[in-house]
Amino acid sequence: MSIVSFIFATIKKSDYMSPDSEYTETHENKIYATLDKLGIAYQSLHHPAIMTMEEGAEIAQKLGCTSCKSLFLTNKQQEYFMLLLPANKKLKTKELAGQIGSSHLSFASEKAMENLLCTFPGAVSILGLIYDKENKVQLLIDKEILESTYIGCHPCVNTCSLKIRLEDILKILLPKISHQNFNIVEL
């Protein structure tokens, strides 16, 4: 059974929650509560854990939104960046570092990801910025993403995908969580 056919099957939460589900479910529910409080509409789709961009693209196609990857990066100065990039684009760290005036970029540690975004590898999402109360993570958005009406993202777990209007993220969510200042990059 493909991941897409499984999505539309009847499943119980116990079928897709991870072993540390209480932790992830709490953070996932906070994401939903924040979106609901701000009046941001979303469509959710629960599914088995996504492990590849191909699986994510398949789900985004079913949701009718742009598949994007959210990459959590850092530099030698321990500055943190979240990059939203179209799923089909490759990360070019040298080019990106030059555009943002940073030194060498690499993937941030799992510990930093958990501490700053309350998530784990494979579930990084722009919605994790809700947890970045001290604004330690700088948001970078690839120019191509800004052409999208809807984007797909996780509610900080990789067993669910959300379809959200990009304009709502940019004009409602980001200002409310003090992340309205982001950099546009072109990779």
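The rules behind these values
Residues numbered from 1 in each chain as written. Predicted model: local features only at pLDDT ≥ 70, side-chain atom pairs only at ≥ 80, totals over all residues. Heavy atoms only, no water. Salt bridge = Lys/Arg side-chain N within 4 Å of Asp/Glu carboxyl O. Helix = DSSP H or I, 4+ residues; strand = E, 2+ residues; numbered from the N terminus. Buried < 20%, exposed > 50% of the residue type's maximum accessible area, 1.4 Å probe, protein only. 1 Å grid on protein atoms, 1.4 Å probe; cavity = no way out; pocket = protein on both sides within 12 Å on 5 of 7 lines; lining within 4 Å. Points joined across faces, edges and corners; volume = space filled by probe spheres on them. Nonpolar A, V, L, I, M, F, W, Y, C, P; charged D, E, K, R; others polar.

J.: I'd love a proper account of the pattern of salt bridges, names of residues and values included.
T.: What the rule picks out here adds up to 4 salt bridges. For D142, the salt bridge is made with K89, and the minimal N-O distance between the two is 2.9 Å. Of this pair, D142 sits in strand β5 (residues 137–142) while K89 sits in the loop between β3 (80–86) and α5 (93–100), and the two are 53 residues apart along the sequence. Classification of D142 by relative accessible area gives buried; the value is 0%. The partner of K89 in a salt bridge is E144, with the nearest N and O atoms 3.4 Å apart. Of this pair, K89 sits in the loop between β3 and α5 while E144 is found in the loop between β5 and β6 (150–153), placing the two residues 55 residues apart along the sequence. Among the ionic contacts, a cluster of salt bridges with common partners joins K89, D142 and E144.

J.: Quick one: what's the story with the layout of surface pockets, residue by residue and with numbers?
T.: Its volume calculated, the largest pocket comes out at about 490 Å³. Secondary-structure elements contributing two or more residues to the lining of the largest pocket are α4 (53–63), β2 (66–75) and β6. Across the lining of the largest pocket, the residue classes tally to 17 nonpolar, 8 polar and 1 charged.

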